[in-house]
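Topology and contacts: notes
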Amino acid sequence: MRVFGFIIFFIYAYFEVSFFITVADSIGVFLALIGIIATSIIGLSLIKKQGLRNLSIMQQKIANQQSPKDEIIKSVSLLFAGFLLLIPGFLTDILGAIMLIPRVQEYIVRFIIGKLPSKFYSNSNTQMNDVIEGEFERKSDE
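Since we're looking at a predicted model, the values are computed, not measured. (Residues numbered from 1 in each chain as written. Predicted model: local features only at pLDDT ≥ 70, side-chain atom pairs only at ≥ 80, totals over all residues. Heavy atoms only, no water.)

Re the overall build of the protein chain
Selection criterion: Each helix is a run of DSSP H or I of at least 4 residues and each strand a run of E of at least 2, with the numbering of both proceeding from the N terminus. Here the radius of gyration uses the C-alpha set of atoms, whereas the globule reference equals 2.2 Å times the residue count to the power 0.38. Using a 1.4 Å probe on the protein chains alone, a residue whose accessible area is under 20% of its type maximum counts as buried, one over 50% counts as exposed, and one in between counts as partly exposed. Contact definition: two residues touch when any of their heavy atoms are within 4.5 Å. Each accessible area value is a Shrake-Rupley result obtained with a 1.4 Å probe; residue values ignore everything except the protein chains displayed when judging cover. Here Asp and Glu are counted as negative and Lys and Arg as positive; His is not counted, and neither are the chain ends. Charge positions come from single atoms, namely NZ of Lys, CZ of Arg, CG of Asp or CD of Glu.
Secondary structure summary: the protein chain contains 5 helices and 0 strands in total. By the compact-globule yardstick of 14 Å for 142 residues, the protein chain is too spread out, its C-alpha radius of gyration being 23 Å. For the protein chain, the C-alpha atoms occupy an extent of roughly 75 × 45 × 25 Å along the three principal directions. Taking all 142 residues of the protein chain together, the buried fraction comes to 22%. Within the protein chain, contacts between residues separated by at least 24 positions form 56% of all contacts whose residues are at least 6 apart in sequence. Accessible surface, the protein chain as shown: approximately 11500 Å² in total, 66% of it carbon and sulfur. In the protein chain, 13 positive and 12 negative side-chain charges are present, and the distance between their average locations comes to 10 Å.

Some remarks on the nonpolar core
The test is simple: For the purposes of this section, nonpolar cores are sets of buried Ala, Val, Leu, Ile, Met, Phe, Trp, Tyr and Cys residues that join through side-chain atoms within 4.5 Å.
Grouped together as the largest cluster of nonpolar side chains are 8 residues: Ile47, Leu78, Ala81, Leu84, Leu85, Met99, Leu100 and Ile108. If you tally residues by element for this core, the top one is helix α3 (residues 69-86), at 4 residues. Not counting the four nearest positions on each side in its chain, Ile108 is found in contact with Ser77 and Met99. With 5 residues, the next largest nonpolar core counts Ala24, Ala32, Ile36 and Phe90 among its residues.

Let's talk about the environment of Ser77
As for its position among the elements, Ser77 is in helix α3. In this structure Ser77 comes out as buried when scored by relative accessible area, which is 4%. Between the C-alpha atom of Ser77 and that of Phe6, which follows or precedes it by 71 residues, the distance is 25 Å.

Here you go:
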């Protein structure tokens, strides 16, 4: 399994370096480096802005006793997009920027919720105050 991880990493690194060389060849190395740094800075500011907005929406839903499951999953996708934007390289920046698009986030939310068991995202308003009465007896291991 480790070998598979190394192979995937080297394939990723090969494509990333090849893409960087192609971009640097067409616009120049200096502009390519500035582009990578700029996308990281812009991406971090967007992640912070959308993350804070998402947090306020979650707080409002919790205050209204609604399920904040969609916002939690969107927050995870924002975190993943931020991680992709932090990794230097144009391919990861493109993937991170795609992850910032709200329609893509909605698709990811629907996909993840579809994969979760129903008990994780149940939106029923049943109360957890049910009391089951009974007796118990402790038994020793002897």
